[in-house]
Amino acid sequence: MLFPMKEKVVLGFSGGLDTSTAVLWLQEKYDLDVITVTLKIGQKEDFGNIEEKSKLLGAKKHYTIDALDEFADKYISKCIKANGLYEDKYPLSTALARPLIASWLVKIAKQEGASYVAHGCTGKGNDQIRFDITIRALDPKLKIIAPVREWNMNRDQELEYLKAKGFDFKPSRSRVSVDENLWGRSIEGDILEDPSAEPLEDYFEWTVAPEKAPDKSTYVTIGFEKGIPVELNGEKMKLSDLIVTLNSIAGQNGVGRIDHMEDRAIGFKSREVYECPAATCLIEAHSELEKLILNRNQLFFKKLVEKEWSWLVYAGLWADPLRRNLEAFIDSTQDFATGKVTLKLYKGGYRIVSRSSQYSGYDLNIATYSFKSIFDQKNALGFIEIWGLPTILSNLKSGGGDE
Ligand code: ARG
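Read on for an overview of the structure. (Residues numbered from 1 in each chain as written. Predicted model: local features only at pLDDT ≥ 70, side-chain atom pairs only at ≥ 80, totals over all residues. Heavy atoms only, no water.)

**Some points on a nonpolar patch on the surface**
A surface patch of nonpolar side chains, amounting to about 400 Å² of accessible area, comprises Leu-389, Ile-392, Leu-393 and Leu-396. If you trace the backbone, Leu-396 turns up in helix H14 (residues 389–398). (Patch = residues over 30% accessible without salt bridge, like charges linked within 9 Å, V, L, I, M, F, W, Y side chains within 5 Å. Areas by Shrake-Rupley, 256 points an atom, 1.4 Å probe, with all protein chains shown as cover. Salt bridge = Lys/Arg side-chain N within 4 Å of Asp/Glu carboxyl O. Helix = DSSP H or I, 4+ residues; strand = E, 2+ residues; numbered from the N terminus.)

Take a look at the structure:
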């Protein structure tokens, strides 16, 4: 053959500044044919526009993959069952989507016979860890290129690079770096780099300012079946639709803003702001339903498992067999996680006001203070005697009590 075929690289492409620069740079620096891939997972973008941009930049082929239901049914549903919150706050929205995107990059690389995959992550974040480890776990032969980690260009230099190549790139007006999908919106950078600075109001897009939320409270009732939300305010819905609807209802009430100090897997602290209206409500509702159904021993142990699961997902270890082992336990706790929970939303606040289930472990005949109680209070005496024995004995020996 006169002109040997170039090798191919499959690039995860958002259409933003970093990955646009990467399309040009991969052609120039590595002399590769670039195939771009964009997953539709609930981000508010013009996907036709993204495809056009990719072609203009010289990509040989572009894939737009509608992975919204796959994201909801195979990733988010697991997070709900696990009450997945990193450091008790972050519902893992960005973290959950990375292994899904990585799996599609690998799938398309196989289909196209590409020996390289590329992503637009920096060398400072968690996302590079999530992409690299998932890709290597799925296909260790693939070579990974992370242009942003390699080239050391800042924003202005990237714009200049594009300009020199004849592309007048219009960067987004936003001063913050945003990552968005069905499960939430992550906001980083600008004044948020000062942990003491309050986020500016215009950083938020999914939630109204609590002060501007309606003066009347809004009730939402979520129906669960075996741990999965299946019904919203009496209407059966598939999970992705339910989350879209709930994002809007909770967002209009200013619910779902999260502002916290986060310990990155790469080792340093960063200040992170999120908008996760549906995730906040669903995890709260799901864990409350479990409190009605699971017993004390199950709840206590499940908390430990939830923490470990959240850490694995956060730290890029989605592919680790331990995640599946933990999920086997989690799934076994969801057999009876069926019922309804009502939340009352009001000006940025949310509160559970009702829960019910045919599998409720609550027994009114035992718990009631009325004359109907069947609980024999005299039994408490013997229980306390034996339960307190080690504590009472130790205190006898040491003379007892605090000074
Ligand atoms: N800190 C979050 C996480 O690690 C959000 C990352 C946001 N990523 C981004 N490219 N803006 O999951």
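**Here we look at the site of the ligand**
Taken together, 15 residues surround the ligand, and among them Tyr-90, Asn-126, Arg-130, Glu-262 and Glu-272 come closest. Within the side chain of Ser-177, a nitrogen or oxygen atom sits 3.3 Å from a nitrogen atom of the ligand. Relative to its unbound accessible area of 340 Å², the ligand is 88% covered by the protein chains. Of all the secondary structure elements, the ones that give two or more residues to the shell around the ligand are helix H4 (93–112), helix H5 (127–138), strand E6 (177–181), strand E7 (184–188) and strand E12 (269–275). In terms of residue count, the dominant contributor to the shell around the ligand is H4 (three residues). (Near = heavy atom within 4 Å. Polar contact = N/O pair within 3.5 Å; in protein donor to acceptor, adjacent residues only side chain to side chain.)

**Description of unusual backbone geometry**
Even without being a glycine, Asp-31 presents a positive backbone phi close to 55°. With respect to the helices, strands and loops of the structure, Asp-31 is situated in the loop between helix H1 (17–30) and strand E2 (33–40). For Lys-347, which is not a glycine, the phi torsion comes out positive at approximately 45°. Lys-347 sits in the partly exposed class, given a relative accessible area of 25%. (Buried < 20%, exposed > 50% of the residue type's maximum accessible area, 1.4 Å probe, protein only.)

**Topic: the sheet that holds E12**
Spatially, four strands are ordered E6-E7-E12-E11 in an open sheet, and the strand pairing comes out antiparallel. Of all the strands in the sheet, just E6 and strand E11 (257–263) have a single pairing partner and so form its edges. In this sheet, neighbouring strand axes are inclined to one another by 25° on average, regardless of whether the strands run parallel or antiparallel. Across seven bridges, E11 lies against E12 in antiparallel orientation. Within the sheet, the bridge partner assigned to Asp-259 lies in E12 and is Val-273. (Pairing = 2+ DSSP bridges. Axes fitted to C-alpha atoms, helices over the stretch in contact; angles between N-to-C directions.)

**Re the environment of Val-220**
Along the chain, the position of Val-220 falls in strand E8 (residues 218–225). Setting aside its immediate chain neighbours within four residues, Val-220 contacts Asn-233, Leu-246, Ile-249, Val-341, Thr-342, Leu-343 and Leu-345. (Contact = heavy atoms within 4.5 Å.)

**Regarding the state of the cysteines**
Every disulfide links exactly two cysteines, by a covalent bond between their sulfur atoms. For the structure on display, the rule yields zero disulfides. The structure places no disulfide on Cys-121, whose sulfur is separated from the nearest cysteine sulfur, that of Cys-276, by 18 Å. Its relative accessible area of 9% is what places Cys-121 among the buried residues. (Disulfide = S-S within 2.5 Å.)

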